[in-house]
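One letter stands for each residue in the lines below.
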Amino acid sequence: MNIMIDVKDIDSKATVKVKGEIDAYTAPKLRETLFPLSEQQNVHMVVDLSEVSYMDSTGLGVFVGLFKSVRSHDGEFRLVGLSERLRRLFDITGLADIIDINSNAEGGVK
Amino acid sequence: MESRENLEEKYREALSNYLKEQTEQALYQGQKYSRKTIEHKISPEEIISFHKSTLMDTYEDLPDEVLHSLDFLLEVMMGYGIAYREHQNLKHLQQELKSEIEIAANVQHTLLGTNIPKVKDLEIGAISVPARHMNGDYYHFVQDENQCVGVAIADVIGKGIPAALCMSMIKYAMDSLPDHRHFPKSVLESLNRVVERNVDPSMFITMFYGLFDPETHIFSYASAGHEPGFYYDADKKEFTDLTAKGLLLGVEKKTQYEQYEKYVAPGDMIVLMSDGVTECRTSEGFIERKTLIEFIEKNMHLSAQEMVNNIYKQLEKMQHFQLRDDFTLIILKRNV
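Keep in mind it's a predicted model, so treat the numbers as computed, not measured. (Residues numbered from 1 in each chain as written. Chains lettered and ligands numbered in written order. Predicted model: local features only at pLDDT ≥ 70, side-chain atom pairs only at ≥ 80, totals over all residues. Heavy atoms only, no water.)

K.L.:
Give me the overall build of chain A: which residues, what numbers.
P.N.:
Within chain A, the secondary structure is distributed over three helices and four strands. Going residue by residue from the N terminus, the α and β elements of chain A occur as β-β-α-β-α-β-α. Overall, the C-alpha framework of chain A stretches about 30 × 25 × 25 Å when taken along its three principal axes. Buried positions account for 51% of the 110 residues belonging to chain A. For chain A, the accessible surface area stands at approximately 5,200 Å², while carbon and sulfur atoms represent 48% of it. Across chain A, the 13 positively charged side chains and the 17 negatively charged ones have centroids separated by 2 Å. (Helix = DSSP H or I, 4+ residues; strand = E, 2+ residues; numbered from the N terminus. Buried < 20%, exposed > 50% of the residue type's maximum accessible area, 1.4 Å probe, protein only. Areas by Shrake-Rupley, 256 points an atom, 1.4 Å probe, with all protein chains shown as cover. Lys, Arg positive; Asp, Glu negative; His and termini not counted. Charge placed at Lys NZ, Arg CZ, Asp CG, Glu CD.)

What follows is the structure in structure tokens.
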């Protein structure tokens with residue numbers, strides 16, 4: 001069980017790429033790495049999940065927390081590159097209606 | 001029990017034997033001795049001082065360098081001695097924590113306990129197994145004065161003790177709902193406000209709430225982001241997803257939930273579960289919902305309780321008896 005988190009943070013535009021598994025063991029690391037970024041005023045945060053092979057509901061908790069933190073700092077939060085399985089997770093939980101998971105990785109990041 | 005002096009004596013004996021004759025047998029004494037020192041909490045540096053005094057008593061003309069080197073070694077081993085004692089203390093603490101958690105798990109079990117009610121025309125089976133000590137899943141049955149039965153199944157996002165504590169709050173909130181308001185939609189809306197106000201912002205709860213009316217045989221339900229269950233239509237012999245849209249509890253204060261209704265015909269079944277059921281991982285990947293339906297079909301001739309017990313056992317076996325997530329499965333079956 002391993003996770004790699006790649007962060008590019010330039011002028012409150014945070015581009016994050018996550019690789020590996022997000023579960024109860026790796027979620028704390030993800031939260032610790034990304035939370036400080038989400039607390040910048042007007043931050044634009046894009047998290048690319050295309051190389052995430054597994055995510056359980058603990059991971060979902062991290063993203064909801066990030067989303068709320070970004071929103072309370074008047075920022076924008078997007079998730080890109082979701083697999084079918086991940087998409088289903090966001091659909092079932094109703095999160096797809098409040099978090100942007102539908103734009104593609106390139107759009108607006110650069 | 002052997003005293004320390006005794007152990008020093010034993011060391012002297014074992015070492016002298018080995019110095020006289022280097023046999024396997026004599027060497028083996030050393031191995032046995034080391035187990036004894038652990039038992040009696042003799043530190044590594046103490047053993048070196050036994051060694052030194054034995055040498056000094058045995059050989060009169062021992063070079064000073066050898067003795068000095070032993071003093072040096074003793075100093076070096078001191079660190080190991082401290083680490084060893086710390087390890088012992090931690091082991092003890094861990095034992096204490098473990099028994100505390102076991103007690104907490106028992107308390108939780110009592111707190112969250114629910115009885116499966118007797119309902120006209122409806123058979124109910126339920127099972128809930130935590131992956132670790134404490135369960136982050138929760139199910140609950142309530143029967144109101146009109147004999148309608150409410151069923152709640154919930155899963156805290158997060159595992160272990162924090163999740164379990166959170167569940168106790170949900171249970172308390174459900175108990176304090178007014179009796180006349182057990183409509184699924186309003187139950188979820190009031191619980192959502194409780195969770196939103198009280199729980200840590202990165203902790204969320206998924207919940208499905210259903211209400212069965214034994215007079216009209218209508219099952220009404222609503223879901224807050226919960227893993228969809230199945231509906232079995234006995235007439236068509238067909239399973240469909242029991243889909244209901246709705247956001248997780250605790251994300252947005254003013255979430256409204258949609259309520260759905262279904263007429264439950266004789267032989268029909270409602271299957272509810274936590275995501276621990278569909279997130280069962282086997283060596284070949286996740287269990288597909290299709291596989292789960294096959295399991296249900298295979299056990300359909302049994303009573304509702306036997307069904308959930310059997311399905312759990314089969315899924316547990318597929319995962320080599322290692323649950324990754326808490327597991328809860330409920331089956332409601334209308335009698336024919």
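Still to come is the rest of the account.
K.L.:
Lay out the packing of aromatic side chains with the relevant residues and their values.
P.N.:
Residue and element names in this part refer to chain B. Counted by the stated rule, this structure contains 11 aromatic pairs over all chains. Measuring from centroid to centroid gives 5.8 Å for Tyr139 and Phe141, while their planes differ by 70°, and the two rings are edge-to-face. Of the aromatic side chains, those joined through ring pairs into one cluster are Phe208, Phe219, Tyr221 and Tyr260. One Lys or Arg, Lys262, reaches over the ring of Tyr231 and ends 4.9 Å from the middle of that ring. (Phe/Tyr/Trp six-rings, centres within 6.5 Å; stacked < 30°, edge-to-face > 60°. Lys NZ or Arg CZ within 6 Å of the ring centre and 35° of its normal.)

K.L.:
Before we move on, can you summarise the pattern of salt bridges with the specific residues and values?
P.N.:
Evaluated as defined, the whole model comprises 11 salt bridges over all chains. Lys17(A) serves as the salt-bridge partner of Asp48(A), at 3.2 Å between the closest nitrogen and oxygen. Linking Asp48(A) in strand β3 (residues 44-55) with Lys17(A) in strand β2 (residues 13-22), this pair joins segments that are 31 residues apart in sequence. With relative accessibility at 15%, the residue Asp48(A) sits in the buried group. Measuring nitrogen to oxygen at the nearest pair gives 3.0 Å for the salt bridge that ties Arg88(A) to Glu227(B). Here Glu227(B) lies in the loop between β5 (218-224) and β6 (229-233) and Arg88(A) lies in helix α3 (residues 84-92), a pairing that spans two chains. What makes Arg88(A) partly exposed here is its relative accessible area of 33%. Taken together, the shared-partner salt bridges in this structure form one network comprising Lys17(A), Asp48(A) and Glu51(A). (Salt bridge = Lys/Arg side-chain N within 4 Å of Asp/Glu carboxyl O.)

K.L.:
I'd like to hear about a positive patch on the surface, residue by residue, with values.
P.N.:
Side chains of Arg193(B), Arg197(B), Lys253(B) and Lys254(B) sit close together on the surface and give a patch of like positive charge. Within the secondary structure, Lys254(B) is located in the loop between β7 (238-242) and β8 (260-263). (Patch = residues over 30% accessible without salt bridge, like charges linked within 9 Å, V, L, I, M, F, W, Y side chains within 5 Å.)

K.L.:
Describe the interface of chain B and chain A, naming the residues involved and giving the relevant values.
P.N.:
With 24 residues of chain B at the interface, the matching set in chain A holds 24 residues. Here chain B and chain A share an interface that buries about 2,000 Å² over both sides, 50% of which is from carbon and sulfur atoms. Inspection of the chain B/chain A interface yields three salt bridges. A salt bridge links Asp97(A) to Lys245(B); its shortest N-O distance comes to 3.5 Å. Here chain B and chain A share five residue pairs in polar contact (both at pLDDT 80 or more) between them. (Contact = heavy atoms within 4.5 Å. Buried area = accessible area lost by both parts, 1.4 Å probe. Polar contact = N/O pair within 3.5 Å; in protein donor to acceptor, adjacent residues only side chain to side chain.)

K.L.:
Residues and numbers for the environment of Asp57(B), please.
P.N.:
All names here are of chain B. Within the secondary structure layout, Asp57 lies in helix α3 (residues 44-58). What makes Asp57 exposed here is its relative accessible area of 52%. Along the backbone, Asp57 and Asp326 are 269 residues apart, and their C-alpha atoms lie at a distance of 64 Å. In terms of polar contacts, Asp57 uses its side chain to reach the side chain of Arg12, at 2.5 Å.

K.L.:
Please set out a nonpolar patch on the surface residue by residue, giving values where relevant.
P.N.:
All names here are of chain B. A contiguous nonpolar surface patch, about 300 Å² in accessible area, is contributed by Phe72, Leu73 and Val76. Within the fold, Leu73 resides in helix α4 (residues 64-111). Of the residues examined, Leu73 reaches a relative accessible area of 37% and is grouped as partly exposed.

K.L.:
Explain the pairing of strand β4 (residues 76-80) of chain A to me, using residue names and the numbers behind them.
P.N.:
Residue and element names in this part refer to chain A. Among the five residues of β4, four are classified as buried, and the element is accordingly described as predominantly covered. Pairing between β3 and β4: five bridges, direction parallel. Bridge assignment links Val46 to a residue of β4, and that residue is Arg78. Since β3 and β4 lie parallel, the crossover through helix α2 (residues 57-72) that links them has a hand, and here it is right-handed. (Pairing = 2+ DSSP bridges. Right-handed = clockwise from strand over helix to strand, strands pointing away.)

K.L.:
Kindly report on unusual backbone geometry, identifying the contributing residues and their values.
P.N.:
Unlike most non-glycine residues, Asp74(A) shows phi in positive territory, near 55°. Here Asp74(A) lies in the loop between α2 and β4. Positive phi, normally seen in glycine, also occurs at Asp121(B), with a value near 70°.

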